[in-house]
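In case you want the letters, here they are:
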Amino acid sequence: MTTGEWIRGTSVYRSVIRHGLEDTNRNRSLIIFENLFLHVHPVKVRERSLRFTHTFWLGGITLASMLVLIATGILLMFYYHPSVPQAYRDMKELQYVVDDGVFLRNLHRWAAHLMVFTAVLHMLRVFYHRAYRPPRQFNWVIGVVLLLVTLLLSYTGYLLPWDQLAFWGVSVGTNMAKQAPLIGERIRFFLLGGNIVSENALLRFYVLHCVVLPVALLLLVSIHIWRVRKDGGVQGPPEEGRQ
Amino acid sequence: MPDLDTTLDIEDDEGKPTRRDFFVQAGVAACAVAAAGSGIVTLDYLKPKVLFEPPTTFVAGSPLDYSDGVVRFYKDNKAFVIGGPTGVYALSAVCTHLGCITRYKSDEKAIACPCHGSRYDLEGNVTHGPAPRPLPWLDITEDAAGNLVVDTGIVIARGKVFRP
């Protein structure tokens, strides 16, 4: 008996991983079904749908950049204090003092740009491939909300360095919200936690950026991917002659 | 096999709400009231009661400092105090387009916004877009020592100059 066989025979291993090693259809299904993280994915995919030109992997790239953003964002949170005296200093410290801080910060920034970019391209791809049509119409709606949440994440993250660009970006943005009829003033007051862009606004944007919006995004992304499976997998270019 | 009583929920008067219907509706209503209440309380919680923001009033010196054509920019208070031909008046320096802080251009006798290029004359009227509204006029009073006190929180009618 080899060590590997012994490990696979233990009751601990068998309680965690229930499928066998043989390359059978049953085992392949079990790998997907019995894993919380994989079960949103279809058990079987057509080989054609994995080809790059089928979907240009745009949704996948968006998802991958989201995972990069979560990982780098959590690491950045260990050094960042969302307070007026410290926010800008912490950002500079990450840039110049913390080991690999500048790498993580730039990775967070570039992944954020990439995520918005590929999310928009993904939306265009779905549109031109007519993949928004029934039965996928509900997933299109979820996708639109996901794009909105992505943009809100981008925007709330914009304030956190607390530099001139951030300050004026949020001044301008919240003044746009103020133009909403009737409740505009109140929306701005709620967003900023006051009348001016100050410590309350910084803290609110921080909580939105690090807790509220990521939780919403994860929830919606899970539904989005699960629905892809339920609606028969990804739809690539429509077949010739089909309307 | 025991004889199961399957007629428990069936009553003779059809269409009349059963006791179960009543409790279900009462439960749903109670949950709805609780949800609405928590929603209102949460919104109220998110509304700050005390704001540690800078005061809206500031002292702008003696009225005698403002002869015709004098423009003083109070950076911290985001306001201009201007001497006109008939008296003193104060303008908000916050651009009415999107809230950037405007600057006074002494060589052109104009107020200009660095963000999107809006321009105003010295009475706050828009001379160049994209600003949608003129700069608001701010309230001026006099304190006991005879100095001007400007309140950036109070907007007054345009053209109402302060005469000491």
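Rules and cut-offs
- Residues numbered from 1 in each chain as written.
- Chains lettered and ligands numbered in written order.
- Predicted model: local features only at pLDDT ≥ 70, side-chain atom pairs only at ≥ 80, totals over all residues.
- Helix = DSSP H or I, 4+ residues; strand = E, 2+ residues; numbered from the N terminus.
- Buried ≥ 20, exposed ≤ 12 C-beta atoms within 10 Å, placed from the backbone.
- Contact = placed C-beta atoms within 7 Å.
- Nonpolar A, V, L, I, M, F, W, Y, C, P; charged D, E, K, R; others polar.
- Core = buried A, V, L, I, M, F, W, Y, C linked by C-beta atoms within 7 Å.
- Domains from an automatic or database assignment.
- Axes fitted to C-alpha atoms, helices over the stretch in contact; angles between N-to-C directions.
- Parallel < 35°, antiparallel > 145°, perpendicular 65-115°, else oblique.
- Left-handed = near helix turned anticlockwise from the far one by under 90°.

## A closer look at the overall build of chain A
Next, step 1: Helices and strands together make up the secondary structure of chain A, namely 12 helices and 0 strands.
Next, step 2: Reading the secondary structure of chain A in the N-to-C direction produces α-α-α-α-α-α-α-α-α-α-α-α.
Next, step 3: Considered along the principal axes of its C-alpha atoms, chain A spans approximately 65 × 55 × 30 Å.
Next, step 4: Among the 243 residues that make up chain A, the fraction classed as buried is 23%.
Next, step 5: Partitioning the contacts of chain A with sequence separation of at least 6, the portion at a separation of at least 24 is 66%.

## Notes on the interface of chain B and chain A
Next, step 1: Across the boundary between the two partners, chain B contributes 8 residues, which contact 12 residues of chain A.
Next, step 2: Broken down by class, the residue content of the side of chain B that touches chain A amounts to 5 nonpolar, 1 polar and 2 charged.

## What about the nonpolar core?
Next, step 1: The biggest cluster of nonpolar side chains holds 20 residues, and the ones touching the most others in it are Val81(B), Ala90(B) and Leu91(B).
Next, step 2: Secondary structure elements with two or more residues in this core: strand S3 (79-83), strand S4 (88-92), strand S9 (137-142) and strand S10 (148-156) of chain B.
Next, step 3: Contact partners of Ala90(B), with chain neighbours within four places excluded, come to Ala79(B), Phe80(B), Val81(B), Trp137(B), Leu138(B), Ile140(B) and Val150(B).
Next, step 4: Formed by 19 residues, the second largest nonpolar core is a distinct cluster that contains Tyr80(A), Leu159(A), Leu160(A) and Tyr206(A).

## Some points on the domain arrangement of chain A
Next, step 1: According to the domain assignment, chain A consists of domain 1 (1-39) and domain 2 (56-230).
Next, step 2: Here the C-alpha centre of domain 2 of chain A lies 38 Å away from the C-alpha centre of domain 1 of chain A.

## Topic: the packing of helix H6 (residues 58-77) of chain A against helix H8 (residues 101-128) of chain A
Residues and elements named next belong to chain A.
Next, step 1: Closest axis-to-axis distance for the H6/H8 pair is 8 Å, and the angle between their directions is 155 degrees. Classified by the angle their axes make, H6 and H8 are roughly antiparallel. Two packed elements cross with a definite hand, and for H6 against H8 that hand is left-handed.
Next, step 2: Classifying every residue of the contact of H6 with H8 gives 15 nonpolar, 8 polar and 2 charged.

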